[in-house]
Amino acid sequence: MIKQIIRREGYLEKIRIFIDKPVIKIITGMRRSGKSVILSLIREELLERKIEGERILYLNFESQSLSNLATMEVLYDYVTEYAAKTAGRLYIMLDEVQRVGGWERAAASFPVDFDCDLYITGSNADLLSGEFHTLLAGRFVEIPVYPLSFAEHLVFTKAKREDEGKDQNRQFLDFLQFGGLPGIHEMDINSEAVFPYLTDIYNSVLLKDVIARHRIRDIELLERIVKFLMDNVGNIFSAKSIGDFLKNQGRRLSVETVYNYLTALEHAFLIRKVSRYDIKGKRQLETQEKYFFEDFGLKHAILGYHEDTISGLLENVVFMELKRRGFQVYIGQQDHREVDFIAIRREEKLYIQVAYLLADASVVEREFGPLMAIPDHYPKLVLSLDPIWGYNKEGIIRKNLIDFLLNL
């Protein structure tokens with residue numbers, strides 16, 4: 001059976017404008033988010049442009065067959081030898097390149113030593129730190145790849161005929177429960193099939209991209225921290241809060257060590273930190289953050305799906321959607337009130353509150369009140385799953401959350 005590949009056109013458009021331009025294209029994202037498929041689709045586009053197949057060198061370092069290319073020197077020699085036998089510009093695609101020691105030096109050398117167009121993927125944010133910036137500053141563009149948006153989820157379910165008998169609301173519940181990793185659409189969309197697959201991905205990310213890469217010895221302690229994060233999606237807390245929680249469980253851990261663990265999880269694209277922003281003082285605050293999961297399906301595979309956590313889950317969904325749309329995202333602090341999100345993209349700014357349902361007057365006051373207290377005139381939204389939307393209150397727009405996700 002031939003595997004059906006679905007085009008994620010938004011990412012292809014972002015890469016397409018840099019084809020044959022003198023910058024290295026670096027595609028980043030968590031494991032199984034679809035980076036390799038996107039790279040293969042770019043290869044197809046090059047072939048459609050009449051680029052000969054032998055001028056496209058694709059190396060996937062997840063393959064055991066390439067284990068001999070484990071160092072910069074061996075990789076450089078291999079590519080240089082291949083280039084010498086190829087007429088015309090060479091298109092180099094290095095998939096999961098973080099497995100090659102010193103890859104940055106090879107990547108910096110290729111465009112200097114011969115005519116090439118270079119594409120790289122990686123599953124760890126460390127890819128863009130340290131020696132990388134010294135060697136490649138100003139010579140690359142990063143294209144972050146995220147798990148499927150809800151709009152993409154609908155495209156995948158239609159293509160795979162998983163949408164039969166399911167209306168949009170039912171499909172949204174599937175999305176909330178199982179998340180957006182593309183691989184779940186290769187199986188039946190139910191917990192018996194999807195959760196074991198997601199558990200395997202979670203274990204792989206934890207082992208390869210966190211434990212092994214950062215040489216973490218106390219695995220049980222790391223797992224406790226991850227489960228604390230899972231239990232507190234949408235809540236504001238600090239590293240000290242985690243330390244106090246562990247202390248109550250008989251485990252002692254310094255705040256610095258907690259931050260090191262959190263940073264390792266962030267670098268593996270497992271979680272995302274959202275800092276607080278003082279709206280009145282117009283400055284970023286250094287303590288008390290929120291953490292969201294890159295793919296919330298992983299959380300449910302480990303802890304199970306519980307509807308009483310819906311508020312934090314909806315915040316997670318909106319946060320990831322804002323990141324996909326290229327916004328910098330903060331938590332707003334207005335005096336003693338919280339604004340769920342401040343989203344900034346160049347000159348554009350949005351204030352957003354997220355609620356499950358605006359069930360009564362007290363909930364309406366809780367969600368609209370902080371926005372009404374903000375004195376500027378940037379757009380302000382309250383998103384909820386209420387079926388009625390378009391109701392404005394003092395310039396604040398009430399909108400259905402699903403409608404927000406589907407209208408770019």
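Here is a short report on the structure shown in this document. Source: prediction; values computed, not measured.

The two faces of strand β9 (residues 290–293) match: K290 and F292 on one face and Y291 and F293 on the other face are all buried. Where strand β6 (residues 271–274) meets β9, four bridges bridge the pair, whose relative direction is antiparallel. Bridge pairing in β9 places I271 opposite F293.

Take the pairing of strand β15 (residues 396–400) next. Residues I396, R398 and N400 line the buried face of β15, whereas the alternating positions I397 and K399 sit on a face that is not buried. Both strand β13 (residues 380–384) and β15 contribute to a ladder of four bridges, which runs parallel. Each residue of the ladder has a partner; that of L381, found in β15, is I397. Two elements, strand β14 (residues 392–393) and β15, share two bridges in a ladder whose sense is antiparallel.

Bringing helix α10 (residues 239–248) into the picture now. Taken residue by residue, α10 has A239, I242, G243 and L246 as its buried positions. Seen along its axis, α10 keeps its buried residues to an arc of 100 degrees; they face one direction. Looking one or two places after α10, you find G250, whose phi comes out positive at around 85 degrees.

Taken as a whole, the largest pocket holds about 700 Å³ of empty space. Broken down by secondary-structure element, the contributors of at least two residues to the lining of the largest pocket are β5 (140–144), α11 (255–267), β6, α13 (310–324) and β10 (328–334).

With that out of the way, let us pick up the nonpolar core. Counting 91 residues, the largest nonpolar core has L229 and I352 as its most contacted members. The element contributing the most residues to this core is helix α8 (residues 191–214), with nine residues. With near-sequence residues (within four places) excluded, L229 lies in contact with F237, I242, L262, L265, I271, Y291 and F293. Formed by 29 residues, the second largest nonpolar core is a distinct cluster that contains L57, F61, L94 and F114.

A word on the sheet that holds β14. In spatial order, the strands read β8-β7-β10-β11-β12-β13-β15-β14; together these eight strands make up an open sheet with mixed pairing. Looking at strand neighbours, the two that pair on one side only are β8 (283–284) and β14, the edges of this open sheet. Sheet topology places β10 next to strand β11 (residues 337–345); six bridges connect them, and they run antiparallel. Bridged to Q328 within β11 is I344. α13 contacts β10, β11, β12 (348–354) and β13 of the sheet and is inclined by roughly 20 degrees relative to β11.

Moving on: the packing of aromatic side chains. Under the criterion given, the structure shown has 14 aromatic pairs. Between F172 and F175 the ring centres are 6.4 Å apart and the planes differ by 35 degrees, which places this aromatic pair in the tilted class. A residue pair is termed a helical-turn pair when its members lie 3 or 4 positions apart in one helix, as F172 and F175 do in helix α7 (residues 168–178) at three residues. Connected via pairs of aromatic rings, a cluster forms that spans F150, F172, F175 and F296. Positioned above the aromatic ring of Y119 is the side chain of K25, whose terminal nitrogen or guanidinium carbon lies 4.8 Å from the ring centre. Here the basic side chain of K393 rests over the ring of F368, its NZ or CZ set 5.6 Å away from the ring centre.

About the cut-offs
Residues numbered from 1 in each chain as written. Predicted model: local features only at pLDDT ≥ 70, side-chain atom pairs only at ≥ 80, totals over all residues. Heavy atoms only, no water. Buried < 20%, exposed > 50% of the residue type's maximum accessible area, 1.4 Å probe, protein only. Helix = DSSP H or I, 4+ residues; strand = E, 2+ residues; numbered from the N terminus. Pairing = 2+ DSSP bridges. Arc of directions from axis to C-beta. 1 Å grid on protein atoms, 1.4 Å probe; cavity = no way out; pocket = protein on both sides within 12 Å on 5 of 7 lines; lining within 4 Å. Points joined across faces, edges and corners; volume = space filled by probe spheres on them. Core = buried A, V, L, I, M, F, W, Y, C linked by side-chain atoms within 4.5 Å. Contact = heavy atoms within 4.5 Å. Axes fitted to C-alpha atoms, helices over the stretch in contact; angles between N-to-C directions. Phe/Tyr/Trp six-rings, centres within 6.5 Å; stacked < 30°, edge-to-face > 60°. Lys NZ or Arg CZ within 6 Å of the ring centre and 35° of its normal.

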